[in-house]
Amino acid sequence: MAQEDQSRHGMWSSRLLFILAAAGSAVGLGNIWKFPYIVGENGGGAFVVVYLVCIFLIGVPIMMAEVLMGRHGRQSPINTMRLLVKESNARPFWIMIGWMGVLAGFLILSYYAVIAGWAFYYIFQLASGLFEGADGAFATETFNTFLADPWLMLFWQTLFMALTVFIVSRGVSRGLEAAIKWFMPLLFILMVAVVGYSMIWGDFAAGLSFLFSFDVSALSVDGVLIAMGQAFFTLSLGMGAIMAYGAYVPMNTSVTQTVITIALLDTGVALAAGLAIFPIVFASPGLEPGQGPGLMFVTIPLALGNLPFGAIVGAIFFALVSFAAITSAISLTEPALAYLVEEYNAKRERVAISLGVICWVLGIGTVLSFNVWADFHIVGEKTFFDFVDYVSQNIMLPLGGLLIALCAGWVLPKALVKAQLKLPAGVEPVWSVLIKFVAPAGVLAVFVYTLFGNVVA
Ligand code: TRP
């Protein structure tokens, strides 16, 4: 078996930088913006439990699979899958993992850029002192006024896409590695600070009990699917982003340890975001946990607007959210980008710009979903944004993850997997059971449960 030691796209300079880069991909809008609002929409504690189970029993093994497959192939996910299929004498069917991932990446990035644009805009809104002494009604109205303005939203989405394309075109390991080193600790410190503020000013007990009290009756059938989709989304799994990053991991790095570290960091940030936001919600008349995508954009300005130095701390908070979004957006483009570079020997810059333009155009649909097209429903109650979000996150990512688990567990030669993971003899069976049975069965069970549940409901 040919084992390349280098990737033509570059390598992470150390184990730590891989952890930071993968954590940079994992920690993003999914943790700070999305996690709190879907917990809010799905009733709290029971949802969180399902989510945590999905992270550790399904997410962690699948992330290990992505890293090991990428590191063996040392190429874009599509070409890595081609190589793996050849070396395993498997059907070309499995290459679909690579193609579906590219498509999912486009869909996700298209709306990701729009929401990240909101965070950009809020850096300046906070810095201007607009929210000093604001109440819940004012914060809500400010946000709704912004949503009603497609041109303003388009402006910030464009800026975010342009910045992403710029960074991506320079190569991932260069500017990115340097930036991530100070960004991750800074984000962590600031999250702790906001949680601390929430503890003092918000209704911390109510927030805590909402996040952690186990009330199964509050959980809907769809909620289970959404929790699983979120687990994939927040860990950047199921579309090859981590496989692409895995291609740049040095051989002397332990896959298991790094993956567990990444999962813990990611979960920590999501829970901290919940602990920051919900106490504020319960302490503010007029705010409710289930208010949807605007949750972070209403609660954080409201809380910080009433705090000494709130304007500047708030601006820094949204700057960090924007930065977290960029380090994630970059990983969304990497599978398609690396593939096109390999296939056509194209320049990274050119490919980055083309990909950026496609995502930008798709993203306009999301921009309009909040205003001009707000009443245009693709299926049921779903706007264009809801639809793209639902299909990519709740269907494509779990499906991709399922195929990755099956491929790693049943298709790849045992020796190949062993050489990558180097697990101690006692741990090996645990991994085998998780990747062969638990992870695939988990994804399937949730799919079936949702289909069946929706029919019954
Ligand atoms: N994990 C990121 C977040 O939580 C988003 C993201 C980056 C992603 N790369 C991905 C999601 C790949 C799915 C697949 O915000």
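Predicted model only: the values in this text are computed from it and were never measured.

Novice: So what exactly am I meant to see when it comes to empty space enclosed by the protein here?
Specialist: Empty space among the atoms can be located by rolling a probe the size of a water molecule over them. Under the criterion given, the structure shown has four cavities of 30 Å³ or more. In this structure, the largest cavity is lined by 15 residues; those nearest its centre are Ser25, Ile108, Phe233, Ser236 and Leu332. Grouping the constituent residues of the lining of the largest cavity by class yields nine nonpolar, six polar and no charged. In this structure, the second largest cavity occupies an estimated 80 Å³ of space. In terms of lining, the second largest cavity is formed by Val102, Gly105, Phe106, Leu109, Met161, Leu332, Thr333, Ala336, Leu355, Gly356 and Cys359. Of all the secondary structure elements, the ones that give two or more residues to the lining of the second largest cavity are helix 5 (96-127), helix 14 (310-344) and helix 15 (348-369). For the lining of the second largest cavity, the leading source of residues is helix 5, giving four residues. Classifying every residue of the lining of the second largest cavity gives eight nonpolar, three polar and no charged.

Novice: Which parts of the structure should I look at to understand the layout of surface pockets?
Specialist: When its volume is computed, the largest pocket comes out at roughly 390 Å³. Taken together, 17 residues line the largest pocket, and the ones lying closest to its centre are Tyr37, Glu41, Ile226, Asp386 and Asp389. Mapped onto the lining of the largest pocket, the elements with two or more residues apiece are helix 2 (29-41), helix 10 (221-234) and helix 16 (384-411). Per element, the largest residue contribution to the lining of the largest pocket is six residues, and it comes from helix 16. Its residues assigned to classes, the lining of the largest pocket shows six nonpolar, four polar and seven charged. Here the second largest pocket is characterised by a volume of approximately 220 Å³. Together, Ala408, Gly409, Trp410, Leu412, Lys414, Val417, Lys418, Glu428, Trp431, Ser432, Ile435 and Lys436 line the second largest pocket. If you list the elements that add at least two residues to the lining of the second largest pocket, you get helix 16, helix 17 (414-421) and helix 18 (428-456). Per element, the largest residue contribution to the lining of the second largest pocket is five residues, and it comes from helix 18. Of the residues contributing to the lining of the second largest pocket, the split by class is six nonpolar, two polar and four charged.

Reading the values: the criteria
- Residues numbered from 1 in each chain as written.
- Predicted model: local features only at pLDDT ≥ 70, side-chain atom pairs only at ≥ 80, totals over all residues.
- Heavy atoms only, no water.
- 1 Å grid on protein atoms, 1.4 Å probe; cavity = no way out; pocket = protein on both sides within 12 Å on 5 of 7 lines; lining within 4 Å.
- Points joined across faces, edges and corners; volume = space filled by probe spheres on them.
- Nonpolar A, V, L, I, M, F, W, Y, C, P; charged D, E, K, R; others polar.
- Helix = DSSP H or I, 4+ residues; strand = E, 2+ residues; numbered from the N terminus.

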